[in-house]
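Close look at the chain arrangement
Okay, here's what each chain looks like letter by letter:
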Amino acid sequence: MISESFVPLQARTNSPAGFHGRLRSRVLDELSVVEVTANSHKVLRTPALITRSDRLYYKLNLQLSGTGILVQDNREATLRPGDLAVYDTHRPYTLEFDDDFRTLVLMFPHDALDLPPDSVTDLTAVRFAGDAGIGRMISPFMVQLADNLELLSGPSGHRLAHNAVDLLATLFDSELRSENGPQRGHHGELLARIRQHIDANLGDPELSPAAIAAAHFISTRHLHSIFHDAGTTVAGWIRARRLERCRRDLRDPLQADRAVGAIATRWGFTDAAHFSRVFRSAFGVPPSTYRRG
């Protein structure tokens, strides 16, 4: 049941009283919001299980009661009520609970988060305190999601779920920029600024490497080098960000009356046929079919 609700997992329990648990969930597009209440057990995401999944997801745990221990990327986070932590389903992890607990899990695709995966990798299995910094504001919002799952339906529920992901992006970005966060160096800071600039100008069909380089007073060669070091290309990053914005709008009930072509144009695609091809290549179906799904 756990595997069907999330991604394939191994589950183990040594509770002398036997295992008992309950799942309450809402699935909104590709976002899943699940409340898990159970007794002592452990779940493992193994390399063999990872090969059975193609889509890349993050999972965010909000500990509501009890204690959980998350291990990934040679880091370990002990989570107590109010604490949050993120982990990547495309890399091995374990999550263990020694006693009765309640937790909220928000699962969402990598590309739903407005941050590059290479940056988020620095934050997996890191405890975000629910009573300090930005966590003090985000944790109560997530608790309210858990307590009001029945409200997560229709257009408002869709927006609330995406708002939660946007809030998490703010939390993660704040941590990455903090003095105590991972040190990204000069190139890392420049890359972050460039990516923010791209996101702010996705609707501009004239957005190009030359324009981006000029806006940051660097050469186009230097720009391409920075993206190459991050494992991508400038054009590939722009296309991926535009496609994600289009994907979100196509599934947004509040955008149901907006034509597919208008959504594509809104995010910088000027050629309808080209947009349809690249969207199908990225998501497996044409945009019109994706909207109906």
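Let me begin by describing the structure that accompanies this report. (Residues numbered from 1 in each chain as written. Predicted model: local features only at pLDDT ≥ 70, side-chain atom pairs only at ≥ 80, totals over all residues. Heavy atoms only, no water.)

All right, on to helix H11 (residues 272-283) then. Think of an α-helix as 3.6 residues a turn; residues three or four steps apart then line up on the same face. Compared with an ideal rise of 1.5 Å per residue, which puts 12 residues at 16 Å, H11 spans 16 Å between its outermost C-alpha atoms and is within 8% of the ideal. In this structure, the buried residues of H11 make contact with helix H9 (234-251), helix H10 (260-266) and helix H12 (287-292). The distance from a side-chain oxygen at the start of H11 to the backbone nitrogen of Ala-273 is 3.0 Å, and the residue carrying that oxygen is Asp-271. Immediately downstream of H11, the backbone of Gly-284 shows phi near 90°, a positive value. (Helix = DSSP H or I, 4+ residues; strand = E, 2+ residues; numbered from the N terminus. Expected span 1.5 Å × (residues − 1). Contact = heavy atoms within 4.5 Å. Polar contact = N/O pair within 3.5 Å; in protein donor to acceptor, adjacent residues only side chain to side chain.)

With that settled, the discussion passes to the sheet that holds strand E10 (residues 101-109). Strand order in this open sheet of 5 strands is E2-E3-E10-E5-E8, and the pairing throughout is antiparallel. In the strand order of this sheet, the two ends are held by strand E2 (21-28) and strand E8 (84-88), each with one partner. Going from strand to strand, the sheet's axes swing by 20° on average, the running direction of each strand aside. One ladder, built from 8 bridges, connects strand E5 (residues 57-65) with E10; its direction is antiparallel. Its bridge partner being in E10, Ser-65 is matched across the sheet by Arg-102. (Pairing = 2+ DSSP bridges. Axes fitted to C-alpha atoms, helices over the stretch in contact; angles between N-to-C directions.)

As a further point, take the pairing of E5. Counting buried positions along E5 yields 8 of 9 residues, so the element is predominantly enclosed. In this structure, E5 lies alongside E8, joined through 5 bridges in antiparallel fashion. By the bridge assignment, Tyr-58 is partnered in E8 with Asp-88. (Buried < 20%, exposed > 50% of the residue type's maximum accessible area, 1.4 Å probe, protein only.)

All right, on to the environment of Lys-42 then. Of note, Lys-42 is situated in strand E4 (residues 41-45). Relative accessible area serves as the criterion here: at 26%, Lys-42 is assigned to the partly exposed category. The sequence separation of Lys-42 and Gln-10 amounts to 32 residues, and the corresponding C-alpha distance is 8.1 Å. Once residues within four sequence positions are removed from consideration, Lys-42 is found in contact with Gln-10, Ala-11, Arg-12, Thr-94, Leu-95 and Glu-96.

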